[in-house]
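Architecture and fold: a report
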Amino acid sequence: MVHDKTICAIATNTGGAIGIVRVSGNQAIAITDRIFTSAGKADKSLAEQPANSITFGHITNAQGGIIDEVLVSIFRAPHSYTGEDSVEISCHGSAYIMGQVLQALINNGCTQAAPGEFTMRAFLNGKMDLSQAEAVADLIASTNRATHQTAMAQLRGHFSLQLSQLRDKLLHLTSLMELELDFSDHEELEFANRDELTHLLHDIDYHICKLSASFASGKAIKAGIPVAIVGKTNVGKSTLLNLLMGEEKAIVSDIHGTTRDVIEDTTDINGVTFRFIDTAGIRQTDDHIEQLGIERTFKKMAEATIVLWILDYIPEPAEIENMFATCSDKHLIIVNNKTDVNDYTASLAQCCPTHPVIGISAKWSHNIDSLKSAIYQAANIPEINENDVIVTTARHYEALQLAHQDLQNFNQGLQAQLPTDLLCEELRSCLHHLAEITGGEITTDETLKNIFSHFCIGK
């Protein structure tokens, strides 16, 4: 696909030692040539340079003044990131210098790139499918081992390969079913054996459901797993948060009710991001502000996946019952803090045999590794390697759910012996929804712009 406009953008953060300005389009080399002078003896233009070469020289402004000494990398279509002629100008990382280089390109015919436009062109030019393009944004945003590996697996096409295999099986089925339509005058002909058809559909649906089920882990990996730290006032919730974060995030005081609002921050445990939430201490109070904080405590408990119940005492049976009821759909970990003063770990384990009980001293950093291990296990995140496919995008999950529903409808229609043409329509719909993930069925610019608008400029 040829685009009329040649685009440019700053591709790196300003202020570093090196900065890169990217150019892509059928005039990328010609426009860069207008502002570039080679420092070599041969003094060749960029248009005369071979593909995948680097040329040293300088960029000049409209008055002929030197903006900076640079290295210019040449990539010729189709062997570039976008599939178009492309140039990367490596200059010093000054915001002023990169801004001047960008302005010189725009003055000579380039257009400022929109967010994600380089990657969108790569998709439109067949360099990658849509799921791989979206993985580029996830890779840039990755902050730990888990998010990096899931993005790399998708970028390398493992997700696309699984979808392609499922679509090939469905296409084969659809072809057989539609062949029956061509011979509808011969009712005795059946090209698709119904028993084999049912077995194969169950196999396809199993893989679709497996991919859908991975979204729970994928969403947690991408957004961070929420962990609420709850308990009465002065049991050491803020001290524990500060210890987990490695810095003073919350005020620690002997005065009851110091924490009046939720405090959130993230940290990495075994390559997975956890979002810890320090909450206001739960107690009876006439202080209106503190009451609002306690209300938010219960709200954050409802939103959390894991709840750390911090105790420095043996709770009454009614209190235990209330906490268990509140956290019935959560992973509840009971934490006996201040074991250096009073160690109730064994007694709490007897009171609460159905939940893990960890004894720690947040003040003295005692047994924190055991607590982190319990938190990680409660998250139930599968071990991820570079070949695993984990669905992390709501758009992909929704498409898989719709494809699953199509197969359910097909199976019900098959059991009800519906006409072949109606059954074929369900298979076509399933194929359509699977193709939406990789971009095979996306036809509107609005959909593409919505996807790529979340990318950074320069990518």
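Residues numbered from 1 in each chain as written. Predicted model: local features only at pLDDT ≥ 70, side-chain atom pairs only at ≥ 80, totals over all residues. Heavy atoms only, no water.

What follows deals with the pairing of strand β12 (residues 331–336). When you tally the buried positions in β12, you get five out of six residues, the bulk of the element. After leaving strand β11 (residues 306–311), the chain enters helix α10 (residues 317–326) and then returns to the sheet as β12, a path that is right-handed. Relative to strand β13 (residues 357–359), β12 runs parallel, the two sharing three bridges. Bridge pairing in β13 links V335 to I358. Taken together, β12, helix α11 (residues 345–351) and β13 form a β-α-β motif whose crossover is right-handed. (Buried < 20%, exposed > 50% of the residue type's maximum accessible area, 1.4 Å probe, protein only. Helix = DSSP H or I, 4+ residues; strand = E, 2+ residues; numbered from the N terminus. Right-handed = clockwise from strand over helix to strand, strands pointing away. Pairing = 2+ DSSP bridges.)

Within strand β8 (residues 225–230), six of the six residues are buried, which leaves it mostly tucked inside the rest of the structure. By the alternation rule, side chains of β8 split into I225, V227 and I229 and P226, A228 and V230, which are all buried. Strand direction decides the pairing type here: β8 and strand β10 (residues 272–278), joined by five bridges, are parallel. Looking at the pairing, I225 lines up with F274 of β10. Here β8 pairs with β11 via four bridges, running parallel. Across the sheet, the residue bridging to V230 is W309, located in β11.

With mixed pairing, the seven strands of this open sheet are ordered in space as β3-β4-β5-β6-β2-β1-β7. Both outer strands of the open sheet, β3 (36–38) and β7 (111–112), are each paired with one neighbouring strand and no more. Summarising the sheet, strand β4 (residues 53–60) and strand β5 (residues 66–75) pair through eight bridges and their orientation is antiparallel. Residue pairing for β5: T55 is matched across the bridge by V72. Against the sheet, helix α3 (residues 117–124) engages β1 (7–10) and β2 (18–24), with an angle of about 135 degrees to β1. (Contact = heavy atoms within 4.5 Å. Axes fitted to C-alpha atoms, helices over the stretch in contact; angles between N-to-C directions.)

Attention now moves to the sheet that holds strand β9 (residues 263–269). One open sheet holds the six strands; their spatial order is β9-β10-β8-β11-β12-β13, and the pairing between them is mixed. Edge positions in the sheet fall to β9 and β13, since each has one partner strand and no second. Strand after strand, the sheet turns through a mean of 25 degrees between neighbouring axes, direction not considered. The pairing of β9 with β10 spans seven bridges and is classified as antiparallel. Its bridge partner being in β10, I263 is matched across the sheet by D278.

A few words on the nonpolar core. Grouped together as the largest cluster of nonpolar side chains are 48 residues, with contacts concentrated most on L240, F274, F276, I306, L308, I333 and I375. Ranked by residues supplied to this core, first place goes to helix α12 (residues 368–379) with seven residues. Not counting chain neighbours up to four residues away, the residues in contact with I333 comprise I306, V307, L308, W309, P356, I358, L371, A374, I375 and A378. Formed by 27 residues, the second largest nonpolar core is a distinct cluster that contains L197, L201, V389 and L423. (Core = buried A, V, L, I, M, F, W, Y, C linked by side-chain atoms within 4.5 Å.)

These figures come from the coordinates and say nothing about function on their own.
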